[in-house]
Amino acid sequence: MKRLVPALLACLFFVQAKAQLTPFEKSSDKNYTATYAEIITYYNNLAKQYPQMKLINYGMTDVGKPLTLVVLSQDKIFDPALIKKQNKRVLLINNGIHPGEPEGIDASMMLARDLLKNNRLPKDIVLCFIAVYNIDGCLNRGVSRINQNGPRAYGFRGNYRNLDLNRDFIKADSRNAWAFEKILNTWQPEIFLDNHTSDGADYQYVMTLIETQKDKQNPILAEYTSKTLSPELYKRMAKSGYEMTPYVEERKGTPDSGIVAFLEIPRFATGYTAQHNIISYITETHMLKPFDKRVYATYDFMVHLIDICERDHNLLGELKHKADEQVKNQKTFALNWEVDWEHWDTLTFKGYAAGHKTSEVSGLPRLYYDETKPFTKTIKYFDNYKPTVFADKPVAYVIPQAWEKVIELFKLNNIAMRRLAHDTTLDLQMYYIGDYKTPQRPYEGHYLHSDVKLNPTQMKVKFYQGDYVVYTNQALNRYIVETLEPQGVDSFFAWNFFDSVLGQKEGYSDYVFEDVAADLLKNDTTLRKKLDDEKAKNPQFANSARAQLNFVYHNSPYFEKTYLRYPVGRLLTDAKLDLQ
Ligand SMILES: [Zn+2]
């Protein structure tokens, strides 16, 4: 397919000849992605040349190098607060979270230069590029993506701790995630883009697209994204010669069976940004297309996104404001979602015929796609999700200061928090963890809990001076509720932040407690009846001395109230609190 270049791109490319070339452009076969050293040297040289560009380092990554943010600002203002005051929008672009999917790295290097060189920086948008996010992985260069057609060497998916950074945004195990969240919460973009490469089925498209799943996205933003921004991006990319389709996740085996919209839950970059009411996209170029086409497609996508955002910059500001206001007042929050298999849309899909032949490896049938047999057909697109679990927000959450990582992450995310001025006993709702599932083997460094069942209990609990009170009247309510409600698919509880409450600390020796328990039953007729009722309905229980003794223990004043008690309290009424 010959590349068709729209006027704007033609203009940019014409002047680019004399400018500093990227390592990708310099390579004779255009099958090369820049190394970490080349990326940083290139941007440093560019920043020396152009005062509209500034490199700002954030935090540290796990490999001991800071995260470099490339900021392009037409009027040379690099203060995020001042930029907000100027009523400008911020577009944040992330590259190299999976360094083996490096198109965004090379395309951003070219695009930054072209915009500067040709004096084409947008007037009302400040552009922030993360040069390469997984620096650790980028340094670990090799050929670890067997399914991919170039470049000839590239970084590794895992970071220095072997984490997939695109699962790390809520649990934030990596220092990379802390640096990213610092950038996001400092610059507070209205739009976010994360550049990737796909794997999976073969089809005709060079690029596929994931947008924030519309049923999970704030409805005000979803309306604009699904009716205006996304259709326009599809239209413009088709004109550029890179017709796109939604990211291909097959329902069964091959795309003919229908494709399912990707649900980017909060552990993913765009799930995390959705909690911040940021309109977000993921480009996924197709692994089997030549690397240069994938880079140019990513370049074109960014050009179009910037152009539409510049055109709609006022509207984007209004929508963000409205969405934030809506979330401040929102009462009920979805905590998990599932595909609605009953209601699907259709789309026209340009695929390749799939078939089966005998494997030369196993002698058994194997799947193949026949690129000599392209087809265009209508397929089912399952892009509707329905929430499966909800929580009503309390007036405020009370978080004991002992849970330091939660507090630090909330600070990092600009969550407004107050602290108790004195030790205070509060009458509030606590959750007892009724049940949960945990896998036997770890996932991304954790034993992720799921299917959490809760027993809410109203009770008096003592909190201490300096414990944190988080009111739920904030634009970041989604982040607050989705992380603090234990049933959230990516809650802090799910990610093992609170596992110590799942262990019992005290117990008893049977022969000692036997006599105490007998006394308890003599003096407490209610407890006696409770025990008898349980015996009557459960024969196994009636025949187990140990189970009955344990039953009395659990219902006695000796049993610890903190066992299985989720330590974050829910204040359901607006009690007057003495706060610092
Ligand atoms: Zn990826």
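In case you missed it, the structure is sitting above this.
The notes below deal with the structure included here. (Residues numbered from 1 in each chain as written. Predicted model: local features only at pLDDT ≥ 70, side-chain atom pairs only at ≥ 80, totals over all residues.)

## With respect to helix H13 (residues 477–484)
Now for step 1: Across the eight residues that make up H13, a large majority, eight, are buried.
Now for step 2: Along H13, the residues classified as buried are Asn477, Arg478, Tyr479, Ile480, Val481, Glu482, Thr483 and Leu484. (Buried ≥ 20, exposed ≤ 12 C-beta atoms within 10 Å, placed from the backbone. Helix = DSSP H or I, 4+ residues; strand = E, 2+ residues; numbered from the N terminus.)

## Re the environment of glutamine 401
Now for step 1: Along the chain, glutamine 401 falls in the loop between strand S15 (396–399) and helix H12 (404–412).
Now for step 2: Residues glutamine 401 and alanine 179, spaced 222 residues apart in sequence, show a C-alpha to C-alpha distance of 23 Å.
Now for step 3: When near neighbours in sequence (up to four residues on either side) are disregarded, glutamine 401 contacts Ile407, Gly466, Asp467 and Tyr468. (Contact = placed C-beta atoms within 7 Å.)

## Observations concerning the sheet that holds strand S6 (residues 207–211)
Now for step 1: A sheet is described by the order of its strands in space; here eight strands give the open sequence S1-S2-S4-S3-S5-S10-S6-S7, paired in mixed fashion. Because the sheet does not close on itself, it has two edges, and the strands there are strand S1 (53–58) and strand S7 (244–246). Taking the axes of each pair of neighbouring strands and ignoring which way they run, one obtains an average angle of 25° across the sheet.
Now for step 2: Here strand S2 (residues 67–72) pairs with strand S4 (residues 125–130) via four bridges, running antiparallel. For valine 71, the partnering residue across the bridge sits in S4 and is cysteine 128.
Now for step 3: Helix H3 (residues 36–49) contacts S1 and S2 of the sheet and is inclined by roughly 135° relative to S1. (Pairing = 2+ DSSP bridges. Axes fitted to C-alpha atoms, helices over the stretch in contact; angles between N-to-C directions.)

## Here we look at the environment of tyrosine 443
Now for step 1: Within the fold, tyrosine 443 resides in the loop between strand S17 (424–437) and strand S18 (450–463).
Now for step 2: Sequence separation between tyrosine 443 and isoleucine 433 is ten residues, and the spatial gap between their C-alpha atoms is 22 Å.

## Regarding the pairing of strand S10 (residues 279–285)
Now for step 1: Most of S10 sits out of view: seven of its seven residues are buried.
Now for step 2: By the alternation rule, side chains of S10 split into Ile279, Tyr281, Thr283 and Thr285 and Ser280, Ile282 and Glu284, which are all buried.
Now for step 3: Taken together, the seven bridges between strand S5 (residues 191–197) and S10 define a ladder with parallel strand orientation. Its bridge partner being in S10, leucine 193 is matched across the sheet by tyrosine 281.
Now for step 4: Of the strand pairs in this sheet, S6 and S10 are connected by five bridges, and their pairing is antiparallel. Directly across from threonine 208, in S10, lies its bridge partner glutamate 284.

## So, the nonpolar core
Burial of nonpolar side chains together is a common tendency in soluble globular proteins.
Now for step 1: Core analysis: the largest hydrophobic core is formed by 130 residues, its most contacted members being Val70, Leu91, Ala112, Cys128, Met302, Val398 and Val470.
Now for step 2: Looking at this core, the element that brings in the most residues is helix H10 (residues 291–311), giving eleven residues.
Now for step 3: In this structure, this core is formed jointly by two domains, domain 1 (7–325 + 334–339) and domain 3 (394–502 + 563–571), each of which donates at least three residues.
Now for step 4: Those residues in contact with valine 70, other than ones at most four positions away along the chain, are Tyr43, Met53, Leu55, Ala112, Phe129 and Ala131. (Core = buried A, V, L, I, M, F, W, Y, C linked by C-beta atoms within 7 Å. Domains from an automatic or database assignment.)

## Overview of H3
Now for step 1: Taking 1.5 Å of rise per residue, 14 residues should cover 20 Å, and H3 covers 20 Å from first to last C-alpha, within 8% of that figure.
Now for step 2: Turning to H3, its buried residues are Tyr36, Ile39, Tyr43 and Leu46. The arc enclosing the buried residues of H3, seen along the axis, measures out at 105°, which places them on a common side. In H3, the exposed positions angled more than 90 degrees off the buried face are occupied by Ala37, Asn44, Asn45 and Lys48.
Now for step 3: Among the structural elements, S1, S2, helix H5 (103–117) and helix H6 (135–139) are those in contact with the buried residues of H3. (Expected span 1.5 Å × (residues − 1). Arc of directions from axis to C-beta.)

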